[in-house]
Amino acid sequence: MDSLQSSFFLATVPFLSSPRQPSYKPLKILIRSSVTPDPWSLSDGNDPSKPKPRSMNAKNPLSDDNARRIIKAKAKYLSQLRKNQGPRAQTPRWIKRTPEQMVLYLQDNRNGHLYGSHVVAAIKRVRALAQKGEGGYDMRQEMASFVGKLSYREMCAVLKEQKGWRQARDFFAWMKLQLSYRPSVVVYTIVLRIYGQIGKIKLAEETFLEMLEAGCEPDEVACGTMLCTYARWGRHKAMLSFFSAVQERRIILSVAVFNFMMSSLQKKSLHRSVIDIWRQMVENRVAPNDFSYTVVISSLVKEGIHEEAFRTFAEMKNVGFVPEEVTYSLLISLSTKSGNRDEALRLYNDMRSQGVVPSNYTCASLLSLYYKNGDYSKALSLFLEMEREKIPADEVIYGLLIRIYGKLGLYEDAEKTFEETERLGLLSDEKTYLAMAQVHLGSGNVDKALKIIELMKSRNIWFSRFAYIVLLRCYVMKEDSNSAEVTFAALSKTGLPDAGCCNDMLNLYSRLGLMEKAKHFIAQIRNDKVDFDEELYKTAMRVYCKEGMLRDVEQLIEQMGTDISCKDNRFIQTCFMTVCNHRGDEQLHEKDLAALVLMLNLYVADGNFNKTEEILRLMLETAGDALKAETLTGPLIKLGCRLEAGTIASLITLYAKQHKLKKAQEVFAAIPDSLTYEKLIYKSMIDAYVKCGKPEEAYSLYKQVAEKGDDLDAVAISIVVNALTNSGKHQEAENIVRKSLKGSLELDTVAYNTFIKAMLEAGKLHFASSIYERMLSLGVSPSIQTYNTMISVYGRGRKLDRAVEMFNAGCSFGLSPDEKAYMNLISYYGKAGKRQEASQLFTKMQEEGIKPGMVSYNIMMNVYATAGLYHEVDELFQAMQRDGCSPDSFTYLALVRAYTEGLKYSEAEETIDSMEKRGIPPSCAHFNPLLSAFAKAGLIREAERVYKKLLTAGLYPDLACNRTMLRGYMDYGLVEEGINFFERIFGSVEADRFIMSAAVLFYKSAGRDIKAEGVLNSMNSLGIPILKDLEVGLKLKTPSL
């Protein structure tokens, strides 16, 4: 830029106009045709005796009668060629030519090309010099054959087509020696553009100065080329200086140049300069395009000029441009961070109305907004919309979804989301791990939370201050004081611990009875000047009050009361007034009841009755306030205080979590009549009954509400229905479902899912299907749980085709089937004998990235075991262990069934032995397939051996095993053995129709009619009818095939 010291930057006078070049008009030569039409041919309209009327724009005669047709055909061909090659196709522009020009055109042999043959040859000659190094050629010698053959325009064309800057430089030097050369801003602009494209800025500046010295005044194209060169290569200081000179010369640049400069500045985060360029652009009345608005709005937002950003956005829309997604996303994120929820939603709705598909960054901003405002249903709806639009979710979105599921108490869904994030390879941020750990803490599962943090450690993810805080909470909940102290020490190294962490440590010491450590800890954090909050003050005082250390409490409160930061804290000031006999209590208009109760407990323990009576008087004066603390709600209800419904519901929920149902009932019974009909209180009490294992009481309370004419919400009804279903009260659950469907209550997806599942468990498959149809007719969106339940409904009803339709419907709505949905359908395929379809679906599930669990492997193994495909079962067994799934009792049962159905009896018995060696105790269900196989094959002695082995294993044979043995004795005519077996088990088994009928038959076959009559009388007294189609020795009569 220093080399550009010329009058261009110093003078402010307008540019001198360049001398006008004389124009030469070509001599028009009229060529007349001597050809006359054939008198014996039909007229073609070209009769010279009947000329056409003279038109306003007369066409020049052509040198060839057939030329017009050839030109039109060629033009049509090249027009089609341009369309196929796109907008940048370099095809000639068709113009009108005189016959002389047409002759020159044909002599040039262009044949439809952009340049003549000699121009093309010159371009190739100069380009070929790129193979030679610097100084390896002489441009004069190379171009000697072209001297005098190239016009000025043709030399410009050769220069423009050069790719190498050296060849352009040397050709330009040769060009200036030619007689046809004349200095022009056009040729200099071409050179500037070539230098700018490869970053030869110094050469470009020298060329620009040469242009000025040659008397060529730069126009907007030349200046724009120079500015774009500076912008392209990041020379922003030089660019801005050059731009100032251009502005002084009042040269109006194009919008493309302004966009190029602003984009380059924005890439280097020079947002203030972007805004200055934009304002110059507006001042010069250059019409911006959509790219201009996009760039400047981004810079305005990042520079903190938010109001102007929104004004520019509105202007952009008024002009008629549709903003890009990145612009919407930026403004939505800005509105979200500033807490302007309505503006963010308005922008999002406007974006969707314009047909703009949101990015995952936009969705993350909205999800964050919904999470902060507690609009969890809208957040989940947005996530479903993302799945429909196929918007890929990133780790931030999955992290927010995990937090939302945690807030809603959907801990399993949160865990599945975390696993899916890991499966997709997105799990890398510490925040996602900690979100999952916090969800586990919220569910009370400390061990899982610690596993998540250990997983984070094993992957060498850096621990932030927040990670230590979450880890400290884990150890506090686990009551591991040693680990908590180590974590607190590590947290202290990152900075002064906050009041919340100190409060957690104090609560831990208090619960564990480590009062000495608690007192030492209080002294330590006070010396470290930790900023106490109200909760920390309360905890510290409780520590002292628990030990009755009145003197320490008074010293602490006196010190807190004189602290300026505690001047406006009602809790501390109330304690200070109570303990220190402060007489200025008139200034404290509202006293803190929590502080009064704490002081009351302290002075009651100390035996100071005067202070006790004084505090009680103050509590009665302040008892009208509504509080939410558990320690105060009980006494205040007894004092007759009016509490909000939310307070009482919170206390009932708290007691329910602690399984203190009696206390919850006491609170519910003590509430005032004015709050008796609050739905929130009823809902919390119903939930308390369910959590404490009292579904009958929950149903009774529901009926009580219904009899009074009140309606509970969908959540409360779902809780009752689910509790009744789980306890086997299917008729009661059905009554509630039918009443809810008849009423005007608006049900959500969860409620419909609960109703369908309840009717499925009750065996009311048709009713469950009708509930689903009603759900669709009312426009309620099904979830993946809905489709999964409907697969079970149609599967149990043996409507396999409808079950498959449900599975496909879930996929078509953009809901990705989970492992449960896949295995549900696979199970019903297996029951229908469609093993190939089950196998294909199992393979598809794995291809979708869903890793089968132990239950999935067991289901698939049972499908093969039913057909005796023991090879396939064994392969699944090996794959299951490779995937890290430990086989359980059901796994071995599938193996035993497969081997017995495949007539591999020894392998089946070895399987039972191997499971015992692995520490998995076999059950009667494992022995029964082997017993049945031996009995059907007539291997009675082998069956007896297995039966004895069952007894040796310490098992008590169930009804199925005993029936199998008796069936074997009967089919093969072993009467005495059958009688002995019956007499051995008769006193220890329950009355069974088959066993007793077989005994009657055995006794009659042996001629022991009295015994047979005795068993028959026993059956009659028990109301058990005899089986009449039994026959001894049936298998002996059947001919062997």
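- As recorded in an unreviewed UniProt entry, the protein goes by PROP1-like PPR domain-containing protein and comes from Morella rubra.
- According to its UniProt record, the protein has this under Sequence similarities (unreviewed entry): "Belongs to the PPR family. P subfamily."

Details of the overall build of the protein
Stage number 1. Within the protein, the secondary structure is distributed over 56 helices and zero strands.
Stage number 2. The 1041 residues of the protein split such that 45% are buried.
Stage number 3. Across the protein, every contact between residues at least 6 apart in sequence was considered, and the portion connecting residues at least 24 apart equals 60%.

Notes on the confidence of the model for the protein
Stage number 1. The predicted model of the protein has a mean per-residue pLDDT of 80, with 82% of residues at 70 or higher.
Stage number 2. Scored below 50 in pLDDT, residues 639–643 shows 14 contacts in the model against residues more than four places distant or in partner chains.

Focus: the pattern of salt bridges
Stage number 1. Summed over the entire model, instances satisfying the criterion amount to 34 salt bridges.
Stage number 2. Between Arg-166 and Glu-134 there is a salt bridge, and its shortest N-O distance comes to 2.8 Å. Taken together, the positions of Arg-166 in helix α7 (residues 165–175) and Glu-134 in the loop between α4 (117–128) and α5 (139–142) put the pair 32 residues apart, joining distant regions of the chain.
Stage number 3. On the basis of relative accessible area, Arg-166 is assigned to the partly exposed category, the value being 35%.
Stage number 4. The class of Glu-134 is exposed, set by a relative accessible area of 52%.
Stage number 5. Across the pair Glu-308 and Arg-279 runs a salt bridge whose closest N-O atoms are separated by 2.9 Å. Residue Glu-308 is found in helix α15 (residues 306–319), and its partner Arg-279 is found in helix α13 (residues 271–283); the two are separated by 29 residues along the sequence.
Stage number 6. Overall, Glu-308 belongs to the buried group, its relative accessible area being 15%.
Stage number 7. The exposure class assigned to Arg-279 is partly exposed, which follows from its relative accessible area of 35%.
Stage number 8. One connected set of salt bridges, linked through shared partners, spans Glu-909, Asp-913, Glu-942, Arg-945 and Lys-949.

Comments concerning the packing of helix α53 (residues 975–985) against helix α54 (residues 993–1005)
Stage number 1. Closest axis-to-axis distance for the α53/α54 pair is 9 Å, and the angle between their directions is 135°. In terms of orientation, α53 lies oblique with respect to α54. Of the two elements, α53 crosses α54, and the hand of that crossing is left-handed. Note on element contacts: α54 touches α53 through Ile-995, Ala-999, Phe-1002, Tyr-1003 and Ser-1005, opposite Val-975, Gly-978, Ile-979, Phe-982 and Glu-983.
Stage number 2. Tallied by class, residues from the contact of α53 with α54 come to seven nonpolar, two polar and one charged.

Details of unusual backbone geometry
Stage number 1. You will see that Ser-269, though not glycine, has its phi angle at about 60°, which is positive.
Stage number 2. Assessed through its relative accessible area of 51%, Ser-269 is described here as exposed.
Stage number 3. Unusually for a residue other than glycine, Lys-390 sits at a positive phi of about 60°.
Stage number 4. On the basis of relative accessible area, Lys-390 is assigned to the exposed category, the value being 73%.

A few points about the environment of Leu-434
Stage number 1. Residue position: Leu-434 is located in helix α22 (residues 430–442).
Stage number 2. Remark: the alpha-carbon pair of Leu-434 and Phe-466, spanning 32 residues in sequence, is separated by 8.4 Å.
Stage number 3. Filtering out sequence-adjacent residues up to four positions away, Leu-434 remains in contact with Met-456, Phe-466, Ala-467 and Val-470.

Describing the packing of α22 against helix α24 (residues 465–478)
Stage number 1. Look at α22 against α24: their axes get within 10 Å of each other, and the N-to-C directions meet at 20°. Taken together, the axes of α22 and α24 lie roughly parallel to each other. For the pair α22 and α24, the crossing hand works out as left-handed. In this structure, α22 uses Glu-430, Leu-434, Ala-437, Gln-438 and Leu-441 to contact α24, whose residues at the interface are Phe-466, Ala-467, Val-470, Arg-473, Cys-474 and Met-477.
Stage number 2. Residue composition of the contact of α22 with α24, grouped by class: eight nonpolar, one polar and two charged.

Topic: the side chain of Glu-154
Stage number 1. In this fold, Glu-154 is placed in helix α6 (residues 152–160).
Stage number 2. One polar contact links Glu-154 to His-118, side chain to side chain, over a distance of 3.0 Å.
Stage number 3. What Glu-154 contacts, discounting residues up to four positions off in sequence, is His-118, Val-119 and Lys-149.

Digging into the side chain of Thr-539
Stage number 1. Mapping Thr-539 onto the fold places it in helix α28 (residues 534–546).
Stage number 2. We classify Thr-539 as buried; its relative accessible area is 3%.
Stage number 3. Reaching out from Thr-539, the side chain makes a polar contact with the side chain of Asn-503 at a distance of 2.3 Å.
Stage number 4. Filtering out sequence-adjacent residues up to four positions away, Thr-539 remains in contact with Asn-503, Leu-506 and Asn-507.

Topic: helix α25 (residues 481–493)
Stage number 1. An ideal rise of 1.5 Å per residue puts 18 Å on 13 residues; α25 measures up with 19 Å between its terminal C-alpha atoms.
Stage number 2. Every buried residue belonging to α25 is among Ser-481, Ala-484, Thr-487, Phe-488 and Leu-491, and all of these are buried. Around the axis of α25, the buried residues are gathered within 120° of arc, so they sit on the same side. Opposite the buried face of α25, at more than 90 degrees from it, the exposed residues are Asn-482, Val-486 and Lys-493.
Stage number 3. One or two positions beyond α25, positive phi appears at Gly-495, with a value near 145°.

Definitions and cut-offs
- Residues numbered from 1 in each chain as written.
- Predicted model: local features only at pLDDT ≥ 70, side-chain atom pairs only at ≥ 80, totals over all residues.
- Heavy atoms only, no water.
- UniProt positions renumbered as here; feature names shortened; annotations may be inferred.
- Helix = DSSP H or I, 4+ residues; strand = E, 2+ residues; numbered from the N terminus.
- Buried < 20%, exposed > 50% of the residue type's maximum accessible area, 1.4 Å probe, protein only.
- Contact = heavy atoms within 4.5 Å.
- pLDDT = per-residue confidence, 0-100.
- Salt bridge = Lys/Arg side-chain N within 4 Å of Asp/Glu carboxyl O.
- Axes fitted to C-alpha atoms, helices over the stretch in contact; angles between N-to-C directions.
- Parallel < 35°, antiparallel > 145°, perpendicular 65-115°, else oblique.
- Left-handed = near helix turned anticlockwise from the far one by under 90°.
- Nonpolar A, V, L, I, M, F, W, Y, C, P; charged D, E, K, R; others polar.
- Polar contact = N/O pair within 3.5 Å; in protein donor to acceptor, adjacent residues only side chain to side chain.
- Expected span 1.5 Å × (residues − 1).
- Arc of directions from axis to C-beta.

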